[in-house]
Amino acid sequence: MEWFLANSAEVFSLAGQHLVLAILPMIFGVIIAVPLAQLARQNRGLRSVVLTGSSLLYTVPSLALFIILPTILGTRILDPVNVVVALTIYAVALLVRAALDAFDSVDEDLRQAAVAMGFKPFARFMQIDLPLSLPVLFAGLRVVSVSNISLVSVAALLGIGNLGMLFTSGLQRDFVTEVVVGIIAILILALLMDSLLVLLERLLTPWTRAATAPGSAPDAGIDPGTGQAKAGLSAAALRLSRPEAGGGTA
């Protein structure tokens, strides 16, 4: 405790760098993985390629990727961009599979109903597929956040600032307290990120709370067997996103 109090400024500075290196790849991963998963869902051949490719990408050792990327990107070995790109690759590898499962969880009958009501493809995706897939998608996003926060610490071996520096410094000086502080700090960051994602999910999916509220229809919610949106929840989302007369937006 005394060491932490005496070095709290350094710890908080490293924690800030750690968060940036963990959050940016997660954001980029969502931007890349969601459209890619939607394309893969519509094309069976592409789906097989995407799933196989994502599995292979995640098997690449992180330290090796951190070292190889500078030669590919033309960056310096100590450039944080290498870490962001590497972790974005891992995030996409995890999220594209989660996004596919999320889109598969949306009831196909609901999609057909949306078409009958005049939803165009993009409007149907933005107002039906994406909102109803959020619970499953956020489950994958929570896994990615924990994975990124853990993997960022590996970059400390290359001298890139993050909480992993406490591990390398503590080991070099044989000072266990510094290592323990680093472990606790990373655990706290992971818990905070997970809590924020849970809160964000609740804010973006208000109909899930309405579906589970006392007095709601017994069939509302997510089918635990198939993961598909049940009738009550689906109908509620469809009512919320119903387009104006004349059809949805392009």
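Residues numbered from 1 in each chain as written. Predicted model: local features only at pLDDT ≥ 70, side-chain atom pairs only at ≥ 80, totals over all residues. Heavy atoms only, no water.

### A look at the overall build of the protein
Logical step 1: The number of helices and strands found in the protein is 11 helices and 0 strands.
Logical step 2: Ordered by position from N to C terminus, the α and β elements of the protein give α-α-α-α-α-α-α-α-α-α-α.
Logical step 3: Burial statistics for the protein: of 250 residues in total, 42% are counted as buried.
Logical step 4: In the form shown here, the protein has an accessible surface area of approximately 13000 Å², with 68% of it arising from carbon and sulfur atoms. (Helix = DSSP H or I, 4+ residues; strand = E, 2+ residues; numbered from the N terminus. Buried < 20%, exposed > 50% of the residue type's maximum accessible area, 1.4 Å probe, protein only. Areas by Shrake-Rupley, 256 points an atom, 1.4 Å probe, with all protein chains shown as cover.)

### Re the pattern of salt bridges
Logical step 1: Under the definition given, this model contains 4 salt bridges.
Logical step 2: When the shortest N-O distance is used, the salt bridge between glutamate 178 and arginine 173 registers 2.4 Å. (Salt bridge = Lys/Arg side-chain N within 4 Å of Asp/Glu carboxyl O.)

### Things to note about a nonpolar patch on the surface
Logical step 1: Among the surface-exposed residues, Val20, Leu24, Ile27, Phe28, Ile31 and Ile32 lie close enough to one another that they form a single nonpolar patch of about 510 Å² accessible area.
Logical step 2: Among the structural elements, isoleucine 27 can be located in helix H2 (residues 8–42). (Patch = residues over 30% accessible without salt bridge, like charges linked within 9 Å, V, L, I, M, F, W, Y side chains within 5 Å.)

### A closer look at the packing of aromatic side chains
Logical step 1: Scanning the model with the defined rule gives 2 aromatic pairs in all.
Logical step 2: Ring geometry for tyrosine 58 and tyrosine 90: centres 5.5 Å apart, planes at 80 degrees, overall edge-to-face. Of this pair, tyrosine 58 sits in helix H3 (residues 44–58) while tyrosine 90 sits in helix H5 (residues 80–104), and the two are 32 residues apart along the sequence.
Logical step 3: Judged by its relative accessible area of 2%, tyrosine 90 falls in the buried class.
Logical step 4: Aromatic side chains phenylalanine 103 and phenylalanine 125 sit 5.6 Å apart centroid to centroid with 65 degrees between the ring planes, which places their arrangement in the edge-to-face category. (Phe/Tyr/Trp six-rings, centres within 6.5 Å; stacked < 30°, edge-to-face > 60°.)

### Some details on the packing of H2 against helix H9 (residues 176–204)
Helix packing for two helices is described by the angle between their axes and how far apart those axes are.
Logical step 1: With their axes 11 Å apart at the nearest point, H2 and H9 run at an angle of 45 degrees to one another. In terms of their interaxial angle, H2 and H9 are classed as oblique. H9 is crossed by H2, and the crossing has right-handed handedness. Between H2, through Val11, Ala15, His18, Leu19, Ile23 and Met26, and H9, the contact on the second element is made entirely by Val181, Ile186, Leu189 and Met193.
Logical step 2: Looking at side-chain class alone, the contact of H2 with H9 contains 9 nonpolar, 1 polar and no charged residues. (Axes fitted to C-alpha atoms, helices over the stretch in contact; angles between N-to-C directions. Parallel < 35°, antiparallel > 145°, perpendicular 65-115°, else oblique. Left-handed = near helix turned anticlockwise from the far one by under 90°. Contact = heavy atoms within 4.5 Å. Nonpolar A, V, L, I, M, F, W, Y, C, P; charged D, E, K, R; others polar.)

### Observations regarding the environment of phenylalanine 175
Logical step 1: Looking at the secondary structure, you find phenylalanine 175 in the loop between helix H8 (164–173) and H9.
Logical step 2: Judged by relative accessible area, phenylalanine 175 falls into the partly exposed class, the value being 27%.
Logical step 3: The residues contacting phenylalanine 175, other than those within four sequence positions of it, are Trp3 and Gly170.

### A word on the side chain of threonine 205
Logical step 1: The residue threonine 205 is located in the loop between H9 and helix H10 (206–212) in this model.
Logical step 2: Overall, the relative accessible area of 1% leaves threonine 205 in the buried class.
Logical step 3: A polar side-chain atom of threonine 205 sits 2.6 Å from the main-chain carbonyl oxygen of glutamate 201.
Logical step 4: Excluding its chain neighbours within four sequence positions, the residues that come into contact with threonine 205 are Pro131, Leu134 and Pro135. (Polar contact = N/O pair within 3.5 Å; in protein donor to acceptor, adjacent residues only side chain to side chain.)

### Section: the confidence of the model for the protein
Logical step 1: Put simply, the protein has an average pLDDT of 82, and 83% of its residues get 70 or more.
Logical step 2: Note that residues 218–233 has pLDDT below 50 and, in this model, 31 contacts with residues that lie over four places away or in other chains.
Logical step 3: Low pLDDT, under 50, characterises residues 244–250; the predicted model gives this stretch 10 contacts beyond four residues in sequence or across chains. (pLDDT = per-residue confidence, 0-100.)

### As for unusual backbone geometry
Logical step 1: Although it is not a glycine, aspartate 174 adopts a positive phi angle of roughly 55 degrees.
Logical step 2: Checked against the element boundaries, aspartate 174 lands in the loop between H8 and H9.
Logical step 3: The exposed category is assigned to aspartate 174, whose relative accessible area is 69%.

### Topic: H9
Logical step 1: Along its 29 residues, H9 runs 42 Å from first to last C-alpha, staying within 8% of the 42 Å computed at 1.5 Å per residue.
Logical step 2: For H9, the secondary structure elements touched by its buried residues are helix H1 (2–6), H2, helix H7 (121–152) and H8. (Expected span 1.5 Å × (residues − 1).)

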